[in-house]
Amino acid sequence: MESIDIGVDDLREWLDAGRPVTVLDIRNAAQREEWSIPGSVHVGPQAAMRPGPPETAAGVPVPPGQPVVAVCAQGRSSQLAVQALREQGITAMSLRGGMMAWSLAWNLAEVDLPGSRARITQVRRTGKGCLSYLVASEGAAAVVDPSIDPEVYQRIADERGLEITHVIDTHVHADHLSRSRALAGRCRAEVCLPEQNRVSFPFRALRDDEAITVGAIEIRAVRTPGHTLESTCYLVDGRALLTGDTLFPGAVGRPDLAASSEQARQRAHLLYGSLRKIAALAPEIWILPCHTSEPIPFDGKPRGAPLGEVFRQVEMLNADEDRFVEVLLSRIPPNPPNHLEIVRLNESGEVPDDPTRLEAGANRCAIS
Ligand SMILES: [Fe+2]
């Protein structure tokens, strides 16, 4: 009998190639609200097991011959749904490992920077909404905020004839486990982090305004404390600012993670100062963050926006300092799942064999 499962890599390639497939999300509504596969259709757990009319899967019309992939939380109840769908004559498969496994799926988007000697590729962890960057120039490359398997960055670099010379983080992350140390070890690159005394492994400490040379370009550190005390943005060839969790196209970073309420207030004031520092840059500079709160479609469109547009859209950026701090502190979202454990691992530089258990769920580093 044909396999009842499809793996994450195969489904990722199908979606990337635009191959027609109906993805049926059979989890309950609360689980789906947390995160989902872009373009998937929600039918819920009961509907998925009920036989429906011909050429439908759980009531969803399916063109003849088009495969259906059922997705649940961990890839078990989706197997039962697939059996029911196959009895109806539908070509159905279950996503092996469910959303837990999908957490590591990724896609790419090129950032168009006219006139720049840098090529920036946004490497996106689609389900979780983590954004990392491959910044390349003249055969050399830096990876910023890597959040997926080091093998993926290495493969893309190899395909493009690039040597990864630097691996950089914007801050000690709380939403995902940093792959910086593992990636740097693999390609014998230098790990570069903002100057701080949080992490316990060796790294090159970057001070404010210090630059790294990659091929023909400079990546310059712009110290922007607030989201965390060490948070640092990186200005690439004077054209794009990799902002980590400090500034997003529609939001700013949260100041409260792993902090007391008094520390959160102090950080909110620091964040205000950091955002004024960013506001002094040219309005056409691209703002490229390291997270989104939405799953990222396979659309090849980078998530980011010019600085001038960001300041027009995010109302709180135009408030005075006291108002900014009050608004920010009144809108603190729930904590990301397992954030204290993730911070602890990022400070020690460890990545567990199966990181998905800790990382499951959406990112929550922004306040809009
Ligand atoms: Fe963060």
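Enquirer: Tell me about the packing of aromatic side chains, and please be specific about residues and values.
Expert: For the structure on display, the rule yields two aromatic pairs. For the pair Trp-102 and Phe-298, a centre-to-centre distance of 6.3 Å together with 40° between the ring planes defines the contact as tilted. You can see Trp-102 sitting in helix H5 (residues 98-102) and its partner Phe-298 sitting in the loop between strand E21 (286-289) and strand E22 (305-306), a full 196 residues away along the chain. In this structure, Arg-19 packs its charged tip against the face of Trp-14, placed 4.0 Å from the ring centre.

Enquirer: Help me get a handle on unusual backbone geometry, residues and values and all.
Expert: A positive phi is found at Ala-58, a non-glycine position, where the angle reads about 50°. Relative to the elements of secondary structure, Ala-58 occurs in the loop between strand E4 (56-57) and strand E5 (60-61). Phi at Asp-209 is positive, roughly 75°, even though this residue is not glycine. Given a relative accessible area of 49%, Asp-209 falls into the partly exposed group.

Enquirer: Explain the sheet that holds E21 to me, using residue names and the numbers behind them.
Expert: Strand order in the open sheet formed by six strands is E15-E16-E17-E18-E21-E22, with mixed pairing between adjacent strands. Single-partner strands in this sheet number two, and they are strand E15 (211-214) and E22. Sheet topology note: the strand E18 (residues 240-244)/E21 ladder contains four bridges and is parallel. Directly across from Ala-240, in E21, lies its bridge partner Trp-286.

Enquirer: Let's hear about the environment of Arg-12: which residues, and what values?
Expert: By the element assignment, Arg-12 lies in helix H1 (residues 8-16). In this structure the C-alpha to C-alpha distance between Arg-12 and Asp-169, which are 157 residues apart in sequence, comes to 26 Å. With near-sequence residues (within four places) excluded, Arg-12 lies in contact with Trp-102, Ala-105, Trp-106, Asn-107 and Phe-298.

Enquirer: Summarise helix H4 (residues 77-87); cite the residues concerned and give the values.
Expert: Within H4 the residues assigned to the buried category are Ser-78, Ala-81, Val-82 and Leu-85. Looking straight down H4, one finds that the buried residues subtend no more than 100° of arc, so they occupy a single side. The elements touched by buried residues of H4 are strand E2 (22-25), helix H3 (45-49), E4, strand E6 (68-71) and strand E7 (92-95). One or two positions beyond H4, positive phi appears at Gly-89, with a value near 90°.

Enquirer: Can you lay out the packing of helix H6 (residues 150-159) against helix H7 (residues 180-187) for me, pointing to particular residues and giving the numbers?
Expert: Look at H6 against H7: their axes get within 9 Å of each other, and the N-to-C directions meet at 45°. What the angle tells us is that H6 and H7 run oblique. Seen from above, H6 lies across H7 with right-handed handedness. Contacts between H6 and H7 involve Pro-150, Glu-151, Tyr-153 and Gln-154 on the former and, on the latter, Ala-182, Leu-183, Arg-186 and Cys-187.

Enquirer: An account of the pattern of salt bridges is requested, with residue identities and associated values reported.
Expert: Applying the stated rule across the entire model yields 24 salt bridges. Between Arg-124 and Asp-299 there is a salt bridge; the shortest N-O distance is 3.1 Å. One end of the pair, Arg-124, is in strand E9 (residues 119-125); the other, Asp-299, is in the loop between E21 and E22, and 175 residues separate them in sequence. Judged by its relative accessible area of 0%, Arg-124 is buried. When its relative accessible area of 31% is taken as the criterion, Asp-299 is described as partly exposed. Notably, a salt bridge pairs Arg-155 with Glu-151, separated by 3.6 Å at the nearest N-O pair. With Arg-155 and Glu-151 both in helix H6 and four residues apart, the pair spans about one turn of that helix. Of the residues examined, Arg-155 reaches a relative accessible area of 39% and is grouped as partly exposed. Counted as one network, the salt bridges with shared partners bring together Glu-190, Arg-204, Arg-207 and Glu-210.

What counts as what
Starting afresh in each chain, residues are numbered from 1 along the sequence in its written order. For a predicted model such as this one, the threshold for reporting local features is a pLDDT of at least 70, and the threshold for listing and counting side-chain atom pairs is 80 or more; totals across whole chains, interfaces and linings nevertheless cover every residue. For the side-chain quantities, the full set of heavy atoms in the structure was used; hydrogens and water were omitted. The pairing test for Phe, Tyr and Trp rings, Trp by its six-membered ring, is centres within 6.5 Å, and the orientation test on the planes gives stacked under 30 degrees, edge-to-face over 60, and tilted for anything in between. Secondary structure follows DSSP: runs of H or I at least 4 residues long count as helices, runs of E at least 2 residues long count as strands, and numbering of each begins at the N terminus. Counting as a charge over the ring demands two things of the Lys NZ or Arg CZ atom: a distance within 6 Å of the ring centre and an angle within 35 degrees of the ring normal. Only protein chains enter the area calculation, which uses a 1.4 Å probe; residues under 20% of their type maximum are buried, those over 50% are exposed, and those in between are partly exposed. At least two bridges found by DSSP between two strands is the condition for calling them paired. By definition, residues are in contact when any of their heavy atoms lie within 4.5 Å. This arc is built from the directions going out from the helix axis to the C-beta atoms. Axes here mean lines fitted to C-alpha atoms, for a helix over just the part in contact, with angles spanning 0 to 180 degrees between N-to-C directions. Angles are sorted into four bins: roughly parallel if under 35 degrees, roughly antiparallel if over 145, roughly perpendicular if 65 to 115, and oblique for all others. Each crossing gets its handedness from the near helix: less than a right angle anticlockwise from the far helix is left-handed, clockwise is right-handed. Salt bridges are counted wherever a side-chain nitrogen of Lys or Arg sits within 4 Å of a carboxyl oxygen of Asp or Glu.

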